[in-house]
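Spelled out from the first residue to the last, the chains are:
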Amino acid sequence: MACSETEPPEQETLRRWEREQAQLKANVIEEDTEEWQKDSTFAGLERVGGVDLSYVKGNDTIACASLVVLSYPDLEVLYEDCQMVTVSAPYVAGYLAFREAPFLVEAAQRLQEREPGLRPQVLLVDGNGVLHHRGFGVACHLGVLTGLPCIGVAKNLLQVDGLAKDEQHKGQIRDLQMGGDVFPLRGTSGRVLGMALRSYSKSTKPVYVSVGHRMCLESAVRLVQSCCRYRIPEPIRQADIRSREYIRKHLSSPLGGTSPGPGRKEEAEPKH
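Residues numbered from 1 in each chain as written. Predicted model: local features only at pLDDT ≥ 70, side-chain atom pairs only at ≥ 80, totals over all residues. Heavy atoms only, no water.

Looking up the chain in an unreviewed UniProt entry gives the name Endonuclease V, with the organism given as Platysternon megacephalum. We quote the UniProt Sequence similarities (unreviewed entry) comment for the chain here in full: "Belongs to the endonuclease V family." Entered under Subunit (unreviewed entry) in the UniProt record, the comment concerning the chain runs "Monomer. Interacts with PABPC1; the interaction is RNA-dependent and stimulates ENDOV activity." (UniProt positions renumbered as here; feature names shortened; annotations may be inferred.)

The structure is reproduced here in structure tokens:
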């Protein structure tokens, strides 16, 4: 059905997002494009970025957008940018990027203006890439808009294309015996949408890695594993820590706490 003058504004917004998402998706590259990606030790990779958006507790419109850049392979913070933002776009499942990505793209643009020499060579995103309802999650969205290689790293399984947190999936998780063990996330379509990775030996919960842009899945999984001191890869972990600390410092109680935000409650199970 075509948009009409009587169509509710939210429907018009959703149709616009659908069109834009489809147009951007055509630009996703699911293979290695950089020389450092082709080296078994990622020789030539020096800077890894991570992004996060943390919401003020009890307020789903005020958040802190955070971008950090870490050295590689030492994983020391070289740059951080935290900024309070007002989030006005509604949350719609499968379209999280339209709510949050603009602030993260702006952070990347500020970095390019202030410290171009610290521009990350790859960006790790707390969310999904091609593991998504329409194959274009927030990691793909950020990758296409910034031009950077991007990897989606989700804490929970997004149940699409027949993927489910059923007994078979739970059994596969139990079979992950040590850090670095993986199993493929193959949908009913037959396509491998990502990998479940036991990123840290002391954590029995895997993370779910998927391609965002300009990197193949095998390289993405190896890089995520190499960035893990704990379960969550260090670039994302540091972005999250610093965004939450920024909120605590800049807002007085009771607003000084943080929350996952709308949709992130399920996207903390999962984040699209």
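### A closer look at the overall build of the chain
Helices and strands together make up the secondary structure of the chain, namely 7 helices and 9 strands. The proportion of buried residues among the 272 residues of the chain is 52%. For the chain, restricting intrachain contacts to residue pairs at least 6 apart in sequence, the fraction spanning at least 24 positions comes to 68%. For the chain, the computed accessible surface area is about 12,400 Å², with 49% contributed by carbon and sulfur atoms. (Helix = DSSP H or I, 4+ residues; strand = E, 2+ residues; numbered from the N terminus. Buried < 20%, exposed > 50% of the residue type's maximum accessible area, 1.4 Å probe, protein only. Contact = heavy atoms within 4.5 Å. Areas by Shrake-Rupley, 256 points an atom, 1.4 Å probe, with all protein chains shown as cover.)

### Brief notes about helix H2 (residues 96-114)
The periodicity of an α-helix, 3.6 residues per turn, causes residues three or four places apart in sequence to face the same way. Here H2 spans 28 Å end to end across 19 residues, near enough to the 27 Å set by a 1.5 Å rise per residue. At Pro102, H2 shows its strongest bend, of approximately 30 degrees. (Expected span 1.5 Å × (residues − 1). Bend = angle between axes of the 7 residues up to and from the residue.)

### Some details on the environment of Leu111
Note on placement: Leu111 falls in helix H2. In sequence terms Leu111 and Glu80 are 31 residues apart; their C-alpha atoms lie 8.9 Å from each other. Ignoring any residue separated from it by four or fewer positions in sequence, one finds Leu111 in contact with Leu67, Val69, Tyr79, Pro116, Leu118, Arg119 and Pro120.

### Overview of the nonpolar core
Note that soluble globular proteins tend to have their nonpolar side chains buried in a common cluster. In terms of nonpolar packing, the biggest core is built from 33 residues, with Val122, Ile151 and Leu223 touching the most fellow members. Broken down by secondary-structure element, the contributors of at least two residues to this core are strand E2 (62-71), strand E4 (122-126), helix H3 (138-146), strand E5 (150-154), strand E8 (207-213), helix H5 (217-226) and helix H6 (234-250). Examining the composition of this core, we find that 5 residues originate from one element, H5, more than from any other. With residues near it in sequence (within four places) discarded, Leu223 still touches Trp36, Phe42, Leu45, Tyr72, Val122, Leu124, Ile151 and Met215. Counting 25 residues, the second largest nonpolar core, distinct from the first, contains Val51, Val85, Val87 and Ala101. (Core = buried A, V, L, I, M, F, W, Y, C linked by side-chain atoms within 4.5 Å.)

### Some details on the environment of Gln177
Tracing the backbone shows Gln177 in the loop between helix H4 (167-174) and strand E6 (182-186). The exposure class of Gln177 is exposed, given its relative accessible area of 56%. Sequence separation of Gln177 and Ser201 is 24 residues, and the distance between their C-alpha atoms is 7.8 Å.

### Describing the pattern of salt bridges
A complete count under the given rule lists 14 salt bridges for this structure. Measuring nitrogen to oxygen at the nearest pair gives 2.1 Å for the salt bridge that ties Arg214 to Glu34. One end of the pair, Arg214, is in the loop between E8 and H5; the other, Glu34, is in the loop between helix H1 (9-25) and strand E1 (47-56), with 180 residues separating them in the sequence. Residue Glu34 is classed as partly exposed on the basis of its relative accessible area, which comes to 21%. Across the salt bridge formed by Asp240 and Arg244, the nearest N and O atoms sit 2.7 Å from each other. In this pair, Asp240 and Arg244 are both assigned in helix H6, 4 residues apart and thus about one turn of the helix distant. Sharing partners across several salt bridges, the network here consists of Glu76, Arg229, Glu234 and Arg237. (Salt bridge = Lys/Arg side-chain N within 4 Å of Asp/Glu carboxyl O.)

### Notes on the pairing of strand E7 (residues 192-197)
Across 5 bridges, the pairing between E6 and E7 is antiparallel. Residue pairing in the sheet places Pro184 in a bridge with Met195 of E7. Linking two consecutive strands that pair antiparallel, namely E6 and E7, is a turn of 5 residues; a positive phi of about 95 degrees is found at Gly190 within it. (Pairing = 2+ DSSP bridges.)

### Points about unusual backbone geometry
With omega at 10 degrees, the peptide bond leading from Tyr72 into Pro73 counts as cis. Non-glycine residue Leu75 carries a positive phi angle of around 60 degrees. Leu75 gets classed as buried once you look at its relative accessible area, which sits at 6%. Here the phi dihedral of Arg214 falls at roughly 55 degrees; this positive angle occurs in a residue that is not glycine.

### Quick notes on the pairing of E5
Taken across its 5 residues, E5 has 5 buried, putting it largely inside the fold. Examined bridge by bridge, E4 and E5 share 4 bridges and lie parallel to one another. When the sheet's bridge partners are listed, Val125 is paired in E5 with Gly152. In this fold, E4 hands off to H3, which returns the chain to E5; that crossover is right-handed. Sheet topology places E5 next to E8; 5 bridges connect them, and they run antiparallel. Looking at E8, one finds that Cys150 is bridged to His213. (Right-handed = clockwise from strand over helix to strand, strands pointing away.)

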